[in-house]
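Listed below, chain by chain, are the residues.
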Amino acid sequence: MLDQLTQLVRDVDGAWAAAIGGLDGLLIEGHSTAATDLSLLIAEHAGLYRAASTAYSSTLNGGQTREMYLRGERLSVYLHPIRAEYFLLLAVDARSNLGQARLYGRDTARKLEATL
């Protein structure tokens, strides 16, 4: 799993971290090229992902959440589910390409699904 996360960070322009997290907020595996706390990133984004999933499926009748992208001034994160209980987190900087993050992130999530 670590090899796939490391390769994802290498392949996506502007990516600096990739991790697998559980919806319970626990870090499963991660790789970062920056001094950052991946456990904190996973914990915070798991809560956001759970809230968005509940809103889409229950409140808005939008069905199952397929992906989520949050963009801030200094941090952007792409999330993609891996089975029902895990998700892939890809952290990118301001010069990142969302299309590239989605393409490579989705492909990596599919590969990781076979492992988990």
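Bear in mind that the values here come from a model prediction, so they are computed numbers and not experimental data.

### Structural notes on the sheet that holds strand β2 (residues 27-32)
Across the sheet, which stays open at both edges, the 5 strands sit in the order β2-β1-β5-β4-β3 with antiparallel pairing between neighbours. With partners counted over all chains shown, the strands left at the sheet margins are β2 and β3 (68-71), one partner each. Shown here is a sheet whose adjacent strand axes are inclined to one another by a mean of 15°, direction ignored. Two strands pair when backbone bridges link them, and β3 and strand β4 (residues 76-82) are joined in this way by 4 bridges, in the antiparallel orientation. Paired with R71 across the strands is S76, a residue of β4. Most of the contacts of helix α3 (residues 98-115) go to β4, to which it runs at about 30°, and overall it touches β1 (15-22), β3, β4 and β5 (86-92).

### Some thoughts on the environment of G47
The residue G47 is located in helix α2 (residues 38-59) in this model. In this structure the C-alpha to C-alpha distance between G47 and S58, which are 11 residues apart in sequence, comes to 16 Å.

### A closer look at the UniProt feature "domain: Roadblock/LAMTOR2" (unreviewed entry) in the chain
Feature annotation in UniProt assigns "domain: Roadblock/LAMTOR2" (unreviewed entry) to the following positions: residues 2-92. For the annotated span residues 2-92, helix accounts for 35% and strand for 35% of the residues, and the straight-line distance between the end C-alpha atoms is 18 Å.

Quick notes on the rules
- All residue numbers refer to position in the chain's written sequence, counted from 1.
- Per-residue local features are limited, in this predicted model, to residues with pLDDT of at least 70; the limit for side-chain atom pairs, both in listing and counting, is 80 or more; totals at the level of whole chains, interfaces and linings are taken over all residues.
- Here the side-chain values reflect all heavy atoms present in the structure, with hydrogen atoms and water set aside.
- A pair of strands is treated as paired once DSSP finds two or more bridges between them.
- Counting from the N terminus, the helices are DSSP H or I runs at least four residues long and the strands are E runs at least two residues long.
- Interaxial angle, 0 to 180 degrees, is taken between N-to-C directions of lines fitted to C-alpha atoms, where a helix line uses only the stretch in contact.
- Should any heavy atoms of two residues lie within 4.5 Å, those residues are counted as being in contact.
- UniProt positions are given in the numbering used here, feature names are shortened, and annotations may be inferred rather than shown by experiment.

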